[in-house]
Amino acid sequence: VFYMGKEIEIKVPLTENQYNDIFANIFEKKRINKITVKDSSKEIVTKIDEYYSKYKTREERINNHEPQVIRIRTEKQNEKNTSFFTIKRKSIQNGIEFNQEDETYIENASVLRDMFELANYICWFKKQKDAYGAHCSFEDFPGIDFHLELEKVNNLFALF
């Protein structure tokens, strides 16, 4: 029997110096106090997100009950592109954001882009994430591993 845990995502905005320090820990073997990076898990991925809507404003999207995210994501890793179509609905419960995320692999993203155009959807926002990731462990909590992802999102620095 396999039990899947919940994903807990924490997003931390970083200064350029903080970003550079964490990058050095992952890729240049500097050590951040009590965190161990598993060398075999290091990855570099570029994620290009295209967000679609039938409406021009956020207010129109909300008033017409459109899901918060209708997205094509193309991930580039090791010279290979992989694309996914995602619909995400967000809700707030007791001050905590929950996401219902439905995602599927798409073989040819151009077909979906054409369908959006024919259905009068617009690409209202694009973003590019340059992500450097690794699986890590924390010395004080043996047996608990986590995935650290250091990202530049449209050239802004963040830690996930």
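Description of the structure in this document. Note that the structure is a prediction, hence the values are computed from the model and not measured. (Residues numbered from 1 in each chain as written. Predicted model: local features only at pLDDT ≥ 70, side-chain atom pairs only at ≥ 80, totals over all residues. Heavy atoms only, no water.)

### Thoughts on the pairing of strand 3 (residues 43-53)
Stage number 1. A large share of strand 3 lies buried, amounting to eight of its eleven residues.
Stage number 2. Inspection of the sheet shows strand 3 paired to strand 7 (residues 122-138) by eleven bridges, in the antiparallel sense. Residue pairing in the sheet places K47 in a bridge with K129 of strand 7.
Stage number 3. Alignment of strand 3 against strand 4 (residues 69-77), held across six bridges, turns out to be antiparallel. In the strand pairing of strand 4, E50 is matched with I72. (Buried < 20%, exposed > 50% of the residue type's maximum accessible area, 1.4 Å probe, protein only. Helix = DSSP H or I, 4+ residues; strand = E, 2+ residues; numbered from the N terminus. Pairing = 2+ DSSP bridges.)

### Observations concerning helix 3 (residues 109-118)
Stage number 1. Within the sequence span of helix 3, burial applies to A109, L112 and F116. In an axial view of helix 3, the angular spread of the buried residues amounts to 60°, which keeps them on one side of the axis. In this structure, helix 3 carries V111, E117 and L118 as exposed residues pointing more than 90 degrees from its buried face.
Stage number 2. As for helix 3, its buried residues are in contact with strand 3, strand 4, strand 5 (80-93) and strand 6 (96-106).
Stage number 3. Where helix 3 begins, the side chain of N108 points an oxygen toward the backbone nitrogen of S110, at a separation of 3.0 Å.
Stage number 4. Just downstream of helix 3, N120 is the residue with a positive phi angle, here 65°. (Arc of directions from axis to C-beta. Contact = heavy atoms within 4.5 Å. Polar contact = N/O pair within 3.5 Å; in protein donor to acceptor, adjacent residues only side chain to side chain.)

### So, the pattern of salt bridges
Stage number 1. Applying the stated criterion across every chain yields a total of eight salt bridges.
Stage number 2. Here E149 ties to K47 by a salt bridge, and the two come within 3.0 Å at their closest N and O atoms. Here E149, found in strand 8 (residues 145-153), pairs with K47, found in strand 3; they are 102 residues apart in sequence, far enough to count as distant.
Stage number 3. Here R71 ties to E103 by a salt bridge, and the two come within 3.5 Å at their closest N and O atoms. In this pair, R71 is assigned in strand 4 and E103 in strand 6, connecting sequence segments 32 residues apart.
Stage number 4. With relative accessibility at 3%, the residue R71 sits in the buried group.
Stage number 5. The structure contains a network of salt bridges with shared partners spanning K47, E149 and E151. (Salt bridge = Lys/Arg side-chain N within 4 Å of Asp/Glu carboxyl O.)

### Some words on empty space enclosed by the protein
Stage number 1. If you walk through the whole model with that rule in mind, you get one cavity of 30 Å³ or more.
Stage number 2. Size it by volume and the largest cavity reaches roughly 30 Å³.
Stage number 3. Every residue lining the largest cavity is listed: Y51, Y52, R61, E66, P67, Q68, V69, I70 and W124.
Stage number 4. Of all elements in the fold, only strand 3 and strand 4 reach the threshold of two or more residues within the lining of the largest cavity.
Stage number 5. When grouped by side-chain class, the residues that make up the lining of the largest cavity number six nonpolar, one polar and two charged. (1 Å grid on protein atoms, 1.4 Å probe; cavity = no way out; pocket = protein on both sides within 12 Å on 5 of 7 lines; lining within 4 Å. Points joined across faces, edges and corners; volume = space filled by probe spheres on them. Nonpolar A, V, L, I, M, F, W, Y, C, P; charged D, E, K, R; others polar.)

The quantities given are spatial measurements derived from coordinates; they are silent on function.
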